[in-house]
2 protein chains.
Amino acid sequence: MTGIDDVARAAGVSAATVSRALSGRGRISDATRARVRAAAADLGYVVSAAASALATGRAANIGVVVPLLDRWFFANVLDGIASRLTPRGYDMTLYSMSMDRAQRDGVLDVSLRRGRVDGLIVLSLTLADDEVDRLLALDLPVVGLGSTNRRLPALRIDDVAVARLATEHLLALGHRRIAHLGAGYPGDPGLDIPSLRRHGFDAAMADAGIRDSRFVATDFTIDGGYRAARALLREAEPPTAIFAASDELAFGALFAARDEGRDVPRDLSVIGVDGHEMSDFFGLTTIAQFPHEQGERAADAVLAAVDGRTELGELSFRLVERTSTSAPHGGLAEKSGAPAP
Amino acid sequence: MTGIDDVARAAGVSAATVSRALSGRGRISDATRARVRAAAADLGYVVSAAASALATGRAANIGVVVPLLDRWFFANVLDGIASRLTPRGYDMTLYSMSMDRAQRDGVLDVSLRRGRVDGLIVLSLTLADDEVDRLLALDLPVVGLGSTNRRLPALRIDDVAVARLATEHLLALGHRRIAHLGAGYPGDPGLDIPSLRRHGFDAAMADAGIRDSRFVATDFTIDGGYRAARALLREAEPPTAIFAASDELAFGALFAARDEGRDVPRDLSVIGVDGHEMSDFFGLTTIAQFPHEQGERAADAVLAAVDGRTELGELSFRLVERTSTSAPHGGLAEKSGAPAP
DNA sequence: CTGAAAGCGCTTACAG
DNA sequence: CTGAAAGCGCTTACAG
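Residues numbered from 1 in each chain as written. Chains lettered and ligands numbered in written order. Predicted model: local features only at pLDDT ≥ 70, side-chain atom pairs only at ≥ 80, totals over all residues. Heavy atoms only, no water.

We now examine the packing of aromatic side chains. In this description, an aromatic ring pair is defined by two values, namely the gap between the centres and the angle between the planes. By the definition in use, this model includes 13 aromatic pairs over all chains. Ring plane angle 25° and centroid distance 5.0 Å describe the contact between A:Phe255 and B:Phe281, whose orientation is recorded as stacked. Linking A:Phe255 in helix α11 (residues 247–259) with B:Phe281 in helix α12 (residues 279–282), this pair reaches from one chain into another. B:Phe281 shares its class with A:Phe255; the two are buried. The residue whose ring lies beneath A:Arg198 is A:Phe215, and the NZ or CZ to ring-centre distance is 3.8 Å. (Phe/Tyr/Trp six-rings, centres within 6.5 Å; stacked < 30°, edge-to-face > 60°. Helix = DSSP H or I, 4+ residues; strand = E, 2+ residues; numbered from the N terminus. Buried < 20%, exposed > 50% of the residue type's maximum accessible area, 1.4 Å probe, protein only. Lys NZ or Arg CZ within 6 Å of the ring centre and 35° of its normal.)

In structure tokens, the structure reads:
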């Protein structure tokens, strides 16, 4: 590998000068800088990550803690993060926090303590309290995204408002028997995303004077949504509308409706959350959020944090109406307000 | 940060001994090793990645070059890779090769030359010839996966056989008017995956004595499949079956059939390639491959390559029949061989 | 503006 | 089996 001394020799200067010319730090004459850069480009020299990291204490690398790596939402966030990190010379190292206890411990107690990263973006939804402690003890700038825990500095969406918006959309259409598909974590303080969405749902229903709302906890997968919705549709008095806490859950509900012979939206309205790339094909009404942009903002935020600045804030969302929601079939009597279309 | 000297002091030995005790390299007494490890655990000491990399020349990190980061297939491969790397103490750094020329150059000429990784897994489908040159010039162990270029050592699936299997499935059902949805790269040597699949398709059709097969090039997305299939279905003599080169293309074809009022499989049979997590819900017949397992094998292969060993080989695939394929409607006359079911 | 030299935190021949 | 010391390839006060 060609090293800094090779470049110094080629440019007729010292290694110190090469370092200054390439990093842009310290004073150096324009002529020298140009000569050194030309020599470096010529030799295809690139500063060694390890040596530079050791000397400066900066790794030029951001760690991203991800939950399972295989969900659509996270793939898009990652792409957004990469798009902002690369141009600024940062690499991105992934740390997968699976369900396996030993694995999680390894990430928290070993991998992340190797000093390989300057900052962390945490995408993991479900961190135990002691895991948050250990994350914070790393003493690394951290930015949570979609984070469940209030103790983590994070970029957040107003999940209560998201759920309210979705529920009120259904209520405005005239639905009264509305079921919510989400998740429930035992022993949770109730401030995680699924809980917040459930709160928003409950609040909207309460405001509408409806007491008997249904909630079903399942996992955030198509299959989870499928099983939960299928069970609901087989009840004596099935809901006329489902508010699913994610688009993937909603897809499952759509497939369930199909397999139970229900027409959407005539027999069942379905609304999701995410703005999944496939939601348009399903005609799914959803509360869209923007994962790619969220990734970009998270990247900017960690980089700011690495420089000692704070750059957090709220993330945006938007109702996207499509064909999976309408007034309940034969339910005009239930509908207060606007006349049927 | 607690360093090696802190541990040495705590254990009453030298830094050299601590290093040996923790790395497992070099001879050391069991008692000393145990004492040192206890002290390290006690202090929460973890070897600095930068210092260790600089001293040994090994980064304990594998780079993964990915195309866009937002396709289902790659997300699963990544998960598979991570599952094998982490337990062996390796981290995984992602390098996104987008469509942007400057970005790709940055990855090849700068990021990957920083010495941050010991080996590379290349998932990128479309590398130009000079990009492969530069990749090879890195002088790093490389393992391609789903790789387009024959000059890259890679784990491969027999794409010609995959396409043959899919096409022959359709032929065996009695289809004659079969269209293939794939991709075409201009100026390509014809050994990339889409081309190989097309070759397999052509060969199977030729063997069946069919000369007028249709091929449509589009991009490997749901939307690409949707647009291509929709156009096909509007032709005067639409195909009775579509072989899509990926499940996402196939999903698009399924949505197109729906929007054109065609029943699947009565009016149109559709077969894909991948075994996408949603294919089951769509009832999509497909040639399944196993991305998670492929990721695991790729990880094992780079790690072997880092140690100077070669561990490549062929990847497996399997026909999974579901409800999107059947004999063509009213097409029994066309069917040669077995009687109708 | 530029160079010599110390130092970043480990690892590993080399001695013993 | 263990320690002292050189060295990995940079960066950055410190002089000049």
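To continue, consider the environment of A:Ser23. Residue and element names in this part refer to chain A. Within the element layout of this structure, Ser23 appears in helix α2 (residues 15–23). Residues Ser23 and Val47, spaced 24 residues apart in sequence, show a C-alpha to C-alpha distance of 9.3 Å. One polar contact links the side chain of Ser23 to the main-chain amide nitrogen of Arg25, over a distance of 3.1 Å. (Polar contact = N/O pair within 3.5 Å; in protein donor to acceptor, adjacent residues only side chain to side chain.)

We now examine unusual backbone geometry. Cis geometry marks the peptide bond from A:Val264 to A:Pro265, where omega comes out at 10°. Residue position: A:Pro265 is located in the loop between α11 and β9 (269–274). Even without being a glycine, A:Ala60 presents a positive backbone phi close to 55°. By the element assignment, A:Ala60 lies in the loop between α4 (49–56) and β1 (61–66). Phi at B:Asp139 is positive, roughly 65°, even though this residue is not glycine. Within the element layout of this structure, B:Asp139 appears in the loop between α7 (129–137) and β4 (142–145). Under the relative-accessibility criterion, B:Asp139 is labelled exposed at 69%.

Right, let's talk about the interface of chain A and chain B for a bit. Note: interface size is frequently given as the accessible area lost on complex formation between the parts. Contact residues are listed per partner, giving 48 residues for chain A and 48 residues for chain B. When the buried surface of chain A facing chain B is broken down by residue, A:Arg114, A:Arg116 and A:Phe281 rank first, second and third, together holding 18% of it. There are 4 salt bridges connecting chain A and chain B. Close ionic contact of A:Asp91 with B:Arg116 constitutes a salt bridge, the shortest N to O distance being 2.5 Å. Viewed at the interface, chain B and chain A are joined by 21 residue pairs in polar contact (both at pLDDT 80 or more). For the side of chain A that touches chain B, the secondary structure elements donating two or more residues are α4, α5 (72–85), β2 (91–96), α6 (101–109), α10 (222–233), α11 and α12 (279–282) of chain A. Ranked by residue count, the leading element in the side of chain A that touches chain B is β2(A), at 6 residues. When the residues that make up the side of chain A that touches chain B are grouped by side-chain class, the tally is 26 nonpolar, 10 polar and 12 charged. In this structure, β2(A) lies alongside strand β2 (residues 91–96) of chain B, joined through 3 bridges in antiparallel fashion. (Contact = heavy atoms within 4.5 Å. Buried area = accessible area lost by both parts, 1.4 Å probe. Salt bridge = Lys/Arg side-chain N within 4 Å of Asp/Glu carboxyl O. Nonpolar A, V, L, I, M, F, W, Y, C, P; charged D, E, K, R; others polar. Pairing = 2+ DSSP bridges.)

Neighbouring DNA strand C are 24 residues, the closest being A:Thr17, A:Arg20, A:Arg27, A:Thr32 and B:Ser19. Take the atoms of DNA strand C that sit within 4 Å of the protein: sugar and phosphate atoms are 67% of them. Measuring from a base oxygen of DNA strand C, one finds a backbone N or O atom of A:Ala55 at 3.4 Å. B:Ala51 has a polar backbone atom sitting 3.3 Å from a base nitrogen of DNA strand C. Elements represented by at least two residues in the surface near DNA strand C include exactly α2 and α4 of chain A together with α2 (15–23) and α4 (49–56) of chain B. Here the surface near DNA strand C takes 4 residues from α4(B), the largest share from any one element. A breakdown of the residues in the surface near DNA strand C according to their chemical character gives 11 nonpolar, 9 polar and 4 charged. (Near = heavy atom within 4 Å.)

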